[in-house]
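Results of the structural survey
For reference, the chains in residue letters:
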Amino acid sequence: MTAAAATTGASTPHSDGDRLLDVRNMQTRFHVMDGVVPAVDGVSFTLDRGRTLGIVGESGSGKSVTALTIMRLLDIPPAEIGAGSEAWFDGRDLLALSESEMRKVRGKDIAMIFQEPLTSLNPVFTVGAQIAEQVQTHLHVRAREAWSRVVEMLRLVGIPSPERRAKQYPHELSGGMRQRVMIAMALSCEPKLLIADEPTTALDVTVQAQILELLKTIQQRTGSALIMITHDLGVIAETVDDVIVMYAGQVVEQGSVADVLLEPRMPYTMGLIESIPTVEKRGGRLSAISGVVPSPFHLPPACRFEPRCPYAWDTCRDRMPDLSVTRDAERHARCHLHVAGAASRLEAAVSQHRQNMRVGRQLTDSV
Amino acid sequence: MTSGATTGVPVPAEPAVRRRLRRRPPEPVRRALGQYVALVGYYLLIAVVLLLVTVLGVKGAADASARLVPFLLAAAGVVFVGRRVIPTRQRWALAVAVGSSLAVQLACYYILVQVVGGGATELDGNSAFFSVVLAAVGPILALPAMLNLLRARRWFNGERERQIRADEIGARPIADPLMGPARAATAALPAPTAAPTDRPVAAPSGTIEIGAIVPLPASAARDRSAAGPLLAVRDLRKHFPIHGGVLRRQIGTVYAVDGVTFDVMRGETFSLVGESGCGKTTLGRTVLQLTPPTSGRVVFDGYELEDVEPNDMRPLRRRMQIIFQDPFGSLNPRMPISDIIGEGLLSQGLTDRQARDKKVEDSLEIVGLRREYTRRYPHEFSGGQRQRIGVARALALSPDFIVADEPVSALDVSIQSQVLNLLYDLKRDLNLTYLFISHNLSVIQYFSDRVGVMYLGKLVEIGTVEQLYRNPRHPYTVALLSAIPEADPRRRRKRLILKGDLPSPAAPPAGCRFHTRCWLRERLGNPENCVTQEPEVRSLGDTGHQVACHWTEEISQTTVSEAAAESPAIVAAAVEDE
Ligand SMILES: Nc1ncnc2c1ncn2[C@@H]1O[C@H](COP(=O)(O)OP(=O)(O)OP(=O)(O)O)[C@@H](O)[C@H]1O
Ligand SMILES: Nc1ncnc2c1ncn2[C@@H]1O[C@H](COP(=O)(O)OP(=O)(O)OP(=O)(O)O)[C@@H](O)[C@H]1O
Ligand code: SF4
Ligand code: SF4
Ligand SMILES: [Mg+2]
Ligand SMILES: [Mg+2]
């Protein structure tokens, strides 16, 4: 697959000068006792300055490994980054940088927020000291200035009496507050790219709403680009412009959020969206994807979704489909339904999807 | 899953109690009985020692074998008093029990005085030691047992209760096939005789003796149209002490569930929704009596579940099962599936290994797993499969009420829908009633008939899904609904975002517990009664829609959208800084 074929195409109307991140054919494998796990297998995507991209997929689909590979945070070995993998960030290939150069990029140009803030904050230092240290190393300012920056950032993310909170230890803060601290730390050096890996999965729904709103607002205010990793299509719909759907280490569908969520063109994405319980599906069964995600050691030889796909036919068992432009919609999908000659199958799949989305009784909208 | 059947549910009334179950004896009596058990064990231990001494032919063995008999007799006597005499609850039983333990003590004190006072000079060191150990039993076990019985002397009032049999309580016999034409036929069958409907009907296993209070026959227990709710919960509370400091003294209380009242109708899915730590799991466990409530009532199918005698509770337990929150932690990793699912069957008295295995395989099949899986261990299964095993474990006992505690929260969406469909099918085919616990509002909306919204140990709003999602009457419900991330980009809207985090259930705010985060209170200019007065649960008309808020009438499309519009982009993380 070429890099060109894998760009988000029409949904990113910027010229090449705006391109911030260009991941090409990234492959990350893990050598473990039972064999080799192809955690990320030929992932390509691009991200423009100031844009937001969502990565969605089920547990084990390779979302976190994609982010960690870009950040170069994986231990090598057991991880191995395949030859030919490239991750161009602002004109430099991150995968080819030396470790000391990478250390300057990390935290300064690219910052990351993790699912469980407690594990990524150091329990023996106050939160203020941890943010200040990062500010000092990357922005080369004196301690006094760094501290005022800390207070400013904590205030920005909505932490009341930031002077006092900055002197507290992570365990003294609530889950939502810790996640705010992580966001403050991530944004303290004004990174060009912020990667948030399931930033709200551990939080309650009302706090999740706060954090998502905060991330969106701050992203717009600072103009940094954002990669939002989650398994929740709702969070994706709320926060990003474009989305890539991952399945078993591969990108299977890619496009603007509205396109992918409203008019999915790959059976796995269709199934994912159909499985979300909604008002319309009340009073009926959900149409579920049958079976389970394949084991990374026994991946199906051709299309990886084939054993679970209701539309599979012979071709799907013979050849792996490419991630290519779909014929009837503005996006990319990895599926044989889009080759010439499968038009009637595609039509059947699309109309079945529309039908599955409309089972049960209708309730009018809530407040 | 249709909600039509449950609209117009009346406001919880006083639950009708069909029949009283035997109460467990009060705490002091239970402790005394425990001390009796220890006493028997002690005697038997001594008997064994004496026997060994005799067999091994130690010096003075003849002496030892002669003493064996009194100890065995003593053990038998204690067993008799504990099992036969005390349960009669007659005054004379108290006299016998106290008298006998007094006798034991006197004997012990006599020995002690002899040994310590040197009255038994012919004893050598070993025998003296042995005698002291023997005599210690008096002050250590017999005395406290006696005091405990005396403390509970009021319990000995002659009110003996009859044990209830499983079929009287309406549990399906375990052999009852769960699915398939056979079961459908029995379930659909009317009373086998032309007996009046209020007369007991012979349950499939055995006959029923007609007692003073007519028990519910098994078939009626499953009948949707039977009167009254299946589960009635009244002002239920569960508080946990917080211990701290060097001495582990109690330094506070977690008000995990703090005065909850609701009904669950037959055949409906009642859901509990709320944020982490608001007490959903605790409520579910307390309802099932897996933890004893601090106060309040739980009436299941007309049976008051308070301090029920374990023998009477067992058949009821069979009717009420739980599916646990965590599919990874709730299955014992060292047990094969056959034992995990068969455990409950065994405790219900299904000792026949083959019958049990058959039953286990049946339940596996019902949840869509292979019959051959019985020999496997939990780690060989995926999360979704494990959750299915949890469902199979609950179903093996043919319950009619299931508490499903976040059964899908740990699962991926595609697996989540498989498990939801399974629960849906089982409910339809087996006419189950669910208490469904979740923090996912979309799942709840899809899956339930009625919903209770919990906040810090209290129900703040109860209503049908239509009432709650279309016309929420509590500011917290409004905010919860507004916070759902919407996967359909066309429905994107301005959110009403709450300030702050959930306060600690160990220090709930005064007055209305929600007042620290309430947007409505703020819009109304902080009325005083929100802080000073705890809002009662009120009914809105006779629709069954209930809410606990002083100002619910002020909630309207306008107030909500105005509040949403004024929601700052960055809300404060904490409400007020101490
Ligand atoms: N350090 C590691 N060693 C071995 N295998 C790993 C390692 N990290 C990840 N993997 C494997 O790589 C695959 C992708 O994992 P990854 O963490 O990217 O999934 P994910 O999409 O982030 O899932 P989740 O939603 O559960 O976070 C999985 O099969 C996982 O078992
Ligand atoms: N055994 C216990 N001892 C002390 N406190 C407890 C105990 N069990 C629960 N709690 C406390 O009671 C409160 C309610 O807990 P519970 O588990 O019922 O909440 P929940 O609503 O189920 O939350 P979640 O959504 O996280 O499962 C919490 O503050 C919890 O810490
Ligand atoms: S390639 Fe075939 S099996 Fe794979 S998703 Fe498309 S239709 Fe299904
Ligand atoms: S009683 Fe007052 S604080 Fe409580 S929910 Fe109603 S308006 Fe808000
Ligand atoms: Mg991950
Ligand atoms: Mg819980």
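Quick summary incoming for the structure in this document.

Next up on the list: the overall build of chain B. A tally of regular secondary structure across chain B gives 19 helices and 12 strands. Across the 578 residues that make up chain B, the buried fraction comes to 52%. In chain B, the proportion of contacts linking residues at least 24 apart, taken out of those at least 6 apart, comes to 70%. As displayed, chain B offers around 25700 Å² of accessible surface, 57% of which is attributable to carbon and sulfur atoms.

Residues and elements named next belong to chain A. Spatial strand order, β7-β8-β9-β3-β10-β11-β13-β12: eight strands in an open sheet with mixed pairing. Edge positions in the sheet fall to β7 (110–113) and β12 (323–325), since each has one partner strand and no second. Between one strand axis and the next, the sheet turns by 20 degrees as a mean value, whatever way the strands run. In this sheet, strand β13 (residues 332–334) lies alongside β12 in antiparallel orientation, the contact comprising three bridges. Looking across to β13, one finds that Leu 323 is bridged to Arg 334. Running over the sheet, helix α2 (residues 63–71) touches β3 (52–57), β7, β8 (193–197), β9 (225–230) and β10 (242–247) and is turned about 150 degrees from β7. Across the sheet, helix α12 (residues 267–275) is in contact with β10 and β11 (250–256); its angle to β10 comes to roughly 100 degrees.

Another point: the pattern of salt bridges. Residue and element names in this part refer to chain B. What the rule picks out here adds up to 48 salt bridges over all chains. A salt bridge links Arg 237 to Asp 258; the nearest nitrogen and oxygen atoms lie 3.0 Å apart. Of the two residues, Arg 237 is situated in strand β1 (residues 231–244) and Asp 258 in strand β2 (residues 249–264); the sequence distance between them amounts to 21 residues. On the accessibility criterion, Asp 258 (6% relative accessible area) is buried. Where Arg 371 meets Glu 365, a salt bridge forms, and the shortest distance between an N and an O atom there is 2.7 Å. Arg 371 sits in the partly exposed class, given a relative accessible area of 24%. Using a relative accessible area of 45% as the deciding quantity, one classes Glu 365 as partly exposed.

Residue and element names in this part refer to chain A. Burial along β7 is two-sided: Ile 110 and Met 112 and Ala 111 and Ile 113, pointing in opposite directions, are all buried. Of the pairings in the sheet, the one linking β7 to β8 comprises four bridges and is parallel in character. In the sheet register, Ile 110 faces β8, and the bridge partner there is Leu 193.

Below, the discussion takes up the packing of helix α10 (residues 337–347) of chain B against helix α12 (residues 383–395) of chain B. All names here are of chain B. One can describe the packing of α10 onto α12 by two numbers: an axis separation of 8 Å at closest approach and a directional angle of 35 degrees. α12 is crossed by α10, and the crossing has right-handed handedness. Facing Ile 337, Ile 340 and Ile 341 of α10, the residues of α12 in contact are Ile 389, Ala 392 and Arg 393. Per-class residue counts for the contact of α10 with α12 are five nonpolar, no polar and one charged.

So, about the interface of chain B and chain A. Taken together, the contact pairs 56 residues of chain B with 62 residues of chain A. Summed over both sides, the interface between chain B and chain A buries roughly 5000 Å², with carbon and sulfur atoms accounting for 55% of that surface. Linking chain B with chain A are two salt bridges. Across the pair Arg 495 of chain B and Glu 238 of chain A runs a salt bridge whose closest N-O atoms are separated by 2.4 Å. Along the contact surface separating chain B from chain A lie 12 residue pairs in polar contact (both at pLDDT 80 or more). The element contributing the most residues to the side of chain B that touches chain A is helix α13 (residues 413–430) of chain B, with 10 residues. Considering only residue class, the side of chain B that touches chain A consists of 27 nonpolar, 12 polar and 17 charged.

Our focus in this paragraph is the packing of helix α5 (residues 127–139) of chain A against helix α8 (residues 175–187) of chain A. All names here are of chain A. With their axes 9 Å apart at the nearest point, α5 and α8 run at an angle of 20 degrees to one another. As judged from the angle between their axes, α5 and α8 are roughly parallel. Crossing of α5 against α8: the hand is right-handed. Mapping the contact onto sequence places Val 127, Gln 130, Ile 131 and Gln 134 in α5 and Val 181, Ala 184 and Met 185 in α8. When its residues are assigned to classes, the contact of α5 with α8 shows five nonpolar, two polar and no charged.

Moving on, we get to the site of ligand 2. Residue and element names in this part refer to chain B. In the vicinity of ligand 2 lie 14 residues, with Ser 276, Gly 277, Lys 280, Thr 281 and Thr 282 positioned nearest. Gly 279 places a main-chain nitrogen or oxygen 3.0 Å from an oxygen atom of ligand 2. At 2.6 Å from an oxygen atom of ligand 2 is found a side-chain nitrogen or oxygen belonging to Thr 281. Burial of ligand 2 by the protein chains amounts to 63% of its free accessible area of 630 Å². Of all the elements in the fold, those that place two or more residues in the shell around ligand 2 are β2 and α8 (280–287). At three residues, the largest contribution of residues to the shell around ligand 2 is made by α8.

So, on to the site of ligand 1. All names here are of chain A. In the region of ligand 1, 13 residues are neighbours, and Ser 59, Gly 60, Lys 63, Ser 64 and Val 65 sit closest. One of the side-chain nitrogen or oxygen atoms of Lys 63 is found 2.8 Å away from an oxygen atom of ligand 1. Taken together, the elements giving at least two residues each to the shell around ligand 1 come down to β1 (19–32), β2 (35–48) and α2. At three residues, the largest contribution of residues to the shell around ligand 1 is made by α2. Residue composition of the shell around ligand 1, by class: five nonpolar, five polar and three charged.

Reading the values: the criteria
- Residues numbered from 1 in each chain as written.
- Chains lettered and ligands numbered in written order.
- Predicted model: local features only at pLDDT ≥ 70, side-chain atom pairs only at ≥ 80, totals over all residues.
- Heavy atoms only, no water.
- Helix = DSSP H or I, 4+ residues; strand = E, 2+ residues; numbered from the N terminus.
- Buried < 20%, exposed > 50% of the residue type's maximum accessible area, 1.4 Å probe, protein only.
- Contact = heavy atoms within 4.5 Å.
- Areas by Shrake-Rupley, 256 points an atom, 1.4 Å probe, with all protein chains shown as cover.
- Pairing = 2+ DSSP bridges.
- Axes fitted to C-alpha atoms, helices over the stretch in contact; angles between N-to-C directions.
- Salt bridge = Lys/Arg side-chain N within 4 Å of Asp/Glu carboxyl O.
- Left-handed = near helix turned anticlockwise from the far one by under 90°.
- Nonpolar A, V, L, I, M, F, W, Y, C, P; charged D, E, K, R; others polar.
- Buried area = accessible area lost by both parts, 1.4 Å probe.
- Polar contact = N/O pair within 3.5 Å; in protein donor to acceptor, adjacent residues only side chain to side chain.
- Parallel < 35°, antiparallel > 145°, perpendicular 65-115°, else oblique.
- Near = heavy atom within 4 Å.

The quantities given are spatial measurements derived from coordinates; they are silent on function.
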